[in-house]
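# Topology and contacts: notes
Here is how the chains run, residue by residue.
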Number of protein chains: 2
Amino acid sequence: MRYDKKNFPVIRSREHLETGPVILVTSSQSGRSNVMTMGWHTMMQFSPALVGFYLWEGNRSHEAVRQTRQCVINIPTADIVEKVITVGNMHADGADKLKTAGLTAIASSQVEAPQIAECYASFECRLFEDRLVEDYSFFVWEIVRAWVNPITAPRTLHYRGQGKFMIAGEEVDYAERFQPENL
Amino acid sequence: MRYDKKNFPVIRSREHLETGPVILVTSSQSGRSNVMTMGWHTMMQFSPALVGFYLWEGNRSHEAVRQTRQCVINIPTADIVEKVITVGNMHADGADKLKTAGLTAIASSQVEAPQIAECYASFECRLFEDRLVEDYSFFVWEIVRAWVNPITAPRTLHYRGQGKFMIAGEEVDYAERFQPENL
C-alpha cells in the first residue's frame, strides 16, 4: 500500500521521530539507490530541525551518505514489517535492495536519495555536522523537507533486539496537564 | 509500585532504550537530586555501551550533569504516566522534584545520581564524550551499570508532541526471519 504524503512542517518532525520507530534510511550514489534499517537515531534540535543517527562503517550505506551528504529517513508501519526484516537481513551486493524487498522508490524534492512510497512519512536530510563521524560513526542531519500522510496513531515498529519488535499501541492525550509553554 | 531490579548486562541495554521510550534522567549535585523527562536519546555503541542524549542548557539538570559527569537513565511505564507529566511540567526551584512527583530515589552503585524505584529499568551513566555539548547540548554517556526488572513487554511511554503519548503495544517475534549474525 502506498501512502500519499503531504508537505509537513519540519519543525514538527519530532512528532514522528521522537517515539523511536525503526526507520528505513535511503541513499543514492552514482545513480544507484540503497536502503537500510536503523533504530539508533534521535531528534537533536527543533530549528533547524536536526536528527542524529549512528550508521556502522561496515554498512554499504555509510560510504554513500558520507560522500553524498544526503539521505532520506522513511518511517515504516507494521503492515510492512516483513519488508523491513528483508531489508535488515540482506546485503546490498549489487542487488537493488528496494526492489527485492518490494519497496517503491519515489523522487524526493531536495535530495537525490529517494522516498519510499510504502512508508507513511519521509524526511529529506542533508548532512549538518560530521564532527563525530570519524570516531563514532554518528551523523547529524538537517531535515530540509518533510512529507507525512496524516494517518492517526501510526502503528510504527520499535526494535527490542533479538528479532523482537514492539508495535506502537494506543495514544493518550494529556495536553490538558501540560504547561502551555511545554506544548 | 516499586520494581525490584536485577543487574543486567550493559551490552544488552539497547533492548530497553532502542524502542525510544520517554526516560526520566536523574542527577545529583551537592547532595541534592534532580529529575527530568527526556525523549531525545539514542544508543550509539554496544561496547562500551554508549547512549547519547540532548539536554537543553536552560534545564537545571544541564549544569548538574555537566559538572558531575554522572546521571541515571530511568525508564517509566504507563502506570506512572501522571508522575512523568508532573516531572515534565515542574520547575526545580529548590523543590524536591522527585518527592513532589511521588517518586522514590534509591542509591545507585556506581554513580551519585539515584535510581527511581518506580521505574522498571535504570541505567547508571558516566560522561564519555562531551565534544558536542558546547554547540549542541548533546552528551554521550557510557552505561556503567544496568538494573532491569524482567517484566515482559513493558508498557513504555513514547512522546508524540503536543501532550500526546503513544503507549507501547504488543510484541512480535521475528527471530526466525533474521540472519543469525543479526541477532
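About the cut-offs
- Residues numbered from 1 in each chain as written.
- Chains lettered and ligands numbered in written order.
- Predicted model: local features only at pLDDT ≥ 70, side-chain atom pairs only at ≥ 80, totals over all residues.
- Heavy atoms only, no water.
- Helix = DSSP H or I, 4+ residues; strand = E, 2+ residues; numbered from the N terminus.
- Contact = heavy atoms within 4.5 Å.
- Areas by Shrake-Rupley, 256 points an atom, 1.4 Å probe, with all protein chains shown as cover.
- Lys, Arg positive; Asp, Glu negative; His and termini not counted.
- Charge placed at Lys NZ, Arg CZ, Asp CG, Glu CD.
- Buried < 20%, exposed > 50% of the residue type's maximum accessible area, 1.4 Å probe, protein only.
- Polar contact = N/O pair within 3.5 Å; in protein donor to acceptor, adjacent residues only side chain to side chain.
- Pairing = 2+ DSSP bridges.
- Salt bridge = Lys/Arg side-chain N within 4 Å of Asp/Glu carboxyl O.
- Axes fitted to C-alpha atoms, helices over the stretch in contact; angles between N-to-C directions.
- Least-squares fit on C-alpha atoms with pLDDT ≥ 70 in both.

## A word on the overall build of chain A
Secondary structure summary: chain A contains five helices and twelve strands in total. For chain A, the spread of C-alpha atoms along the three principal axes comes to 50 × 35 × 35 Å. Excluding contacts between residues fewer than 6 apart, the proportion of contacts in chain A whose partners are at least 24 apart in sequence is 65%. Element-wise, carbon and sulfur atoms account for 45% of the exposed surface of chain A, whose accessible area totals about 7,600 Å². A gap of 4 Å separates the mean positions of the 19 positive and 22 negative side-chain charges of chain A.

## Overview of helix H2 (residues 60-68) of chain B
All names here are of chain B. Burial in H2 covers these residues: Ser61, His62, Ala64 and Val65. The backbone nitrogen of Ser61 lies 2.9 Å from a side-chain oxygen of the residue at the head of H2, namely Asn59. The positive-phi residue at the C-terminal boundary of H2 is Arg69, with phi of around 60 degrees.

## Here we look at the pairing of strand S5 (residues 50-54) of chain A
One face of the sheet, then the other: side chains in a regular strand alternate in exactly this way. Residues and elements named next belong to chain A. Most of S5 sits inside the fold, with four of its five residues counted as buried. Bridge count between strand S4 (residues 41-45) and S5: four bridges; the pairing is antiparallel. When the sheet's bridge partners are listed, His41 is paired in S5 with Phe53. Two successive antiparallel strands, S4 and S5, enclose a turn made up of four residues. Note that S5 and strand S10 (residues 138-148) share five bridges and pair antiparallel. Across the sheet, Gly52 pairs through a bridge with Val140, a residue of S10.

## Concerning the pattern of salt bridges
With the rule as written, the count across this model stands at 18 salt bridges over all chains. In this structure, B:Glu170 and A:Arg155 form a salt bridge, with 3.7 Å as the shortest nitrogen-oxygen distance. Placement of the pair is B:Glu170 in strand S12 (residues 164-173) and A:Arg155 in the loop between S10 and strand S11 (157-159), with the two residues belonging to separate chains. Among the salt bridges present, the one from B:Glu129 reaches B:Arg131, with a minimum N-O distance of 3.2 Å. Each of A:Glu129, A:Arg131 and B:Asp135 takes part in one network of salt bridges that share partners.

## Things to note about the sheet that holds strand S12 (residues 164-173) of chain A
Pairing between the strands of a sheet is mediated by backbone hydrogen bonds and can be parallel or antiparallel. The strand order across the open sheet formed by four strands is S11(A)-S12(A)-S12(B)-S11(B), and the pairing between neighbours is antiparallel. Each edge of the open sheet is held by one strand with a lone partner, namely S11 of chain A together with strand S11 (157-159) of chain B. On average, each strand axis in the sheet is inclined to that of its neighbour by 45 degrees, with strand direction left out of account. Bridging between S12(A) and S12(B) involves seven bridges; their strand directions are antiparallel. Within S12(B), the residue paired with A:Phe165 across the bridge is B:Val172.

## Thoughts on the relation of the copies chain B and chain A
When chain B is fitted to chain A, the residual RMSD is 0.0 Å, and the transformation amounts to a turn of 180 degrees plus an axial shift of 0.0 Å. Here the transformation between the copies is reduced to the relation of a two-fold axis. A symmetric contact is evident, with 100% of the interface residues of chain B recurring at the interface of chain A.

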